[in-house]
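# Per-entry structural report
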Amino acid sequence: MVLLFLTIIALVSSIQLEVTGSRSGLWVWVHVIVCCLFIANIVWHLYLHFGWERWIVRFRNQRSAVTRWLAILVVLTVISALLAFFHWTGSYIHSPIGAIHGKIGFVFLILAIGHTVRRWKFFKCKKPTRNG
């Protein structure tokens, strides 16, 4: 559920940056913090599915093309995010790498939302208990 929540918040902060042209330092920092939590939760999600071993082999053998693309796009998103972040902290100016990062990130988020929607039954079947 945390990952679902962070997906929505990451999308909202991404749209906010796109609309404002990343002119507000506060919103950039909010986006960075939210998306770091988002990526950390993605890693946790993958750990719960695969453990820590042989992620590349497991993704290569995935039947779902969407899951394979999610893996590729998350790597590209993180790499471009690091490059954009280091450029931004040095200049506080939106850069071409930031624009590329935004486009890759949006495609990733769209696929992540689709990935979640296909598994919506999982969320609907979860009933709250008294113990949590």
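Here, residues in each chain are numbered from 1, in the same order as that chain's written sequence. Totals for whole chains, interfaces and linings use every residue, but because this is a predicted model, local features are given only for residues with pLDDT of at least 70 and side-chain atom pairs only at 80 or more, for both listing and counting. Calculation of side-chain values draws on the structure's entire complement of heavy atoms; hydrogens and water are dropped beforehand.

### Side note on the nonpolar core
Stated precisely, the cut-off is as follows: As used here, the term nonpolar core means buried Ala, Val, Leu, Ile, Met, Phe, Trp, Tyr and Cys residues forming a set that is joined through side-chain atoms within 4.5 Å. Summary of the burial criterion: residues with accessible area below 20% of their type's maximum are buried, those above 50% are exposed, and those between are partly exposed, where the area comes from a 1.4 Å probe applied to protein chains only. Where helices and strands are cited, they refer to DSSP runs of H or I of at least four residues and of E of at least two residues respectively, numbered from the N terminus. By definition, residues are in contact when any of their heavy atoms lie within 4.5 Å.
A10, F38, I42, L46, F59, F108 and L109 are the most contacted members of the largest nonpolar core, which totals 17 residues. Breaking this core down by element, the ones donating at least two residues are α1 (2–20), α2 (25–50), α4 (65–91) and α5 (96–118). With residues up to four places along the chain from it excluded, the contact list for L109 reads T7, A10, L11, S14 and F38.

### Quick word on the side chain of S80
Let me state the cut-off plainly: N or O atoms within 3.5 Å of each other form a polar contact, as long as, within protein, one can give a hydrogen and the other can take it, and as long as residues adjacent in sequence are counted only when both atoms are side-chain atoms.
When you line up the elements, S80 lands in helix α4. In this structure S80 comes out as buried when scored by relative accessible area, which is 5%. Here L76 takes part through its backbone oxygen, which lies 2.9 Å from a polar atom of the side chain of S80. Leave out the neighbours within four places in its chain, and S80 touches I97, H101 and I104.

### Notes on the pattern of salt bridges
The test is simple: In what follows, salt bridge is the name for a side-chain nitrogen of Lys or Arg lying within 4 Å of a carboxyl oxygen of Asp or Glu.
Here the structure, examined in full by the defined rule, presents one salt bridge. When the shortest N-O distance is used, the salt bridge between K103 and E18 registers 3.7 Å. On the criterion of sequence distance, the pair formed by K103 in helix α5 and E18 in helix α1 is long-range, its members being 85 residues apart.

### Some words on α1
We apply this condition: One less than the residue count of a helix, multiplied by 1.5 Å, gives the span that helix is expected to have.
With 19 residues, α1 ought to run about 27 Å at 1.5 Å a step, and its terminal C-alpha atoms sit 27 Å apart, in line with that. Where α1 is concerned, the buried positions are L4, L6, T7, A10, S13, S14, L17 and T20.

### Quick notes on the packing of aromatic side chains
To be explicit about the condition: Whether two aromatic rings pair depends on their centres lying within 6.5 Å, for rings of Phe, Tyr and Trp, where Trp uses its six-membered ring; planes under 30 degrees apart make the pair stacked, over 60 edge-to-face, and the rest tilted.
Summed over all chains, the structure comprises seven aromatic pairs. On the numbers, 5.3 Å between centres and 35° between planes, the contact of W44 with Y47 is tilted. With W44 and Y47 both in helix α2, this residue pair falls three residues apart, about one helical turn. Residue class for W44 comes out partly exposed when judged on its relative accessible area of 48%. Look at Y47 and you get partly exposed, because its relative accessible area is 29%. In this structure an aromatic cluster arises from ring pairing among W29, F85, F86, W88 and Y92.

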